[in-house]
Amino acid sequence: MLKPHIWAGRRFHGPVSRHSAARFETWLDDDRRWMLHDARLSQTDGIDVLAVGSELAGLTLREDAGRQRIRRVRAVYRGPLAHAAHRGEVLERIRF
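What comes next concerns the included structure. Because the structure is a prediction, the values reported are computed rather than measured.

## What about helix α2 (residues 63-74)?
Helix length check: α2, at 12 residues, gives a terminal C-alpha distance of 16 Å against a target of 16 Å (1.5 Å per residue), a fit within 8%. The inward-facing, buried residues of α2 abut α1 (21-45), β1 (50-54) and β2 (81-84).

## A closer look at α1
Between its first and last C-alpha atoms α1 spans 35 Å; for 25 residues at 1.5 Å apiece the expected length is 36 Å, and the two agree. Those residues of α1 not exposed but buried are Phe24, Trp27, Leu28, Asp31, Arg32, Met35, Leu36, Asp38, Ala39 and Ser42. Packing partners of the buried residues in α1 comprise β1 and α2. Directly beyond the C-terminal end of α1, a positive phi value near 70 degrees is found at glycine 46.

## What to know about the pairing of β1
By the criterion of burial, β1 is predominantly enclosed, with 5 of the 5 residues buried. Pairing geometry for β1 and β2, over 3 bridges, is parallel. If you follow alanine 51 over to β2, its bridge partner there is alanine 82.

## Describing the pattern of salt bridges
Summed over all chains, the structure comprises 3 salt bridges. Among the ionic pairs, arginine 33 bridges to aspartate 30, the shortest N-O distance being 3.0 Å. Within this pair, arginine 33 and its partner aspartate 30 are both found in helix α1, separated by 3 residues, close to a single helical turn. Between arginine 69 and aspartate 31 there is a salt bridge; the shortest N-O distance is 2.4 Å. Taken together, the residues span a long stretch of sequence, with arginine 69 in helix α2 and aspartate 31 in helix α1 at a distance of 38 residues. There is no split in this pair, since arginine 69 and aspartate 31 are both buried.

Conventions adopted
- Residues numbered from 1 in each chain as written.
- Predicted model: local features only at pLDDT ≥ 70, side-chain atom pairs only at ≥ 80, totals over all residues.
- Heavy atoms only, no water.
- Helix = DSSP H or I, 4+ residues; strand = E, 2+ residues; numbered from the N terminus.
- Expected span 1.5 Å × (residues − 1).
- Contact = heavy atoms within 4.5 Å.
- Buried < 20%, exposed > 50% of the residue type's maximum accessible area, 1.4 Å probe, protein only.
- Pairing = 2+ DSSP bridges.
- Salt bridge = Lys/Arg side-chain N within 4 Å of Asp/Glu carboxyl O.

Following this line, the structure appears as structure tokens:
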């Protein structure tokens, strides 16, 4: 399984949805590029499972963004998808 994980020093990116709408869109644009790169890599290299989220608890609050992410990945990667939730309560509120 390929499980991309955002890491930028000591900052935790899980609460990304708390950013302003403009800042969230900027983050989302950058994230789209990386996620599609990882989806292409996974498809080309025969990765068994691709995680479309890893500890991005804030993304689970933005169902439309989560669904868009999955649609874009699905256009490139045909294998099973997973989401690595940060904690149990995050997993319970995922709608996508």
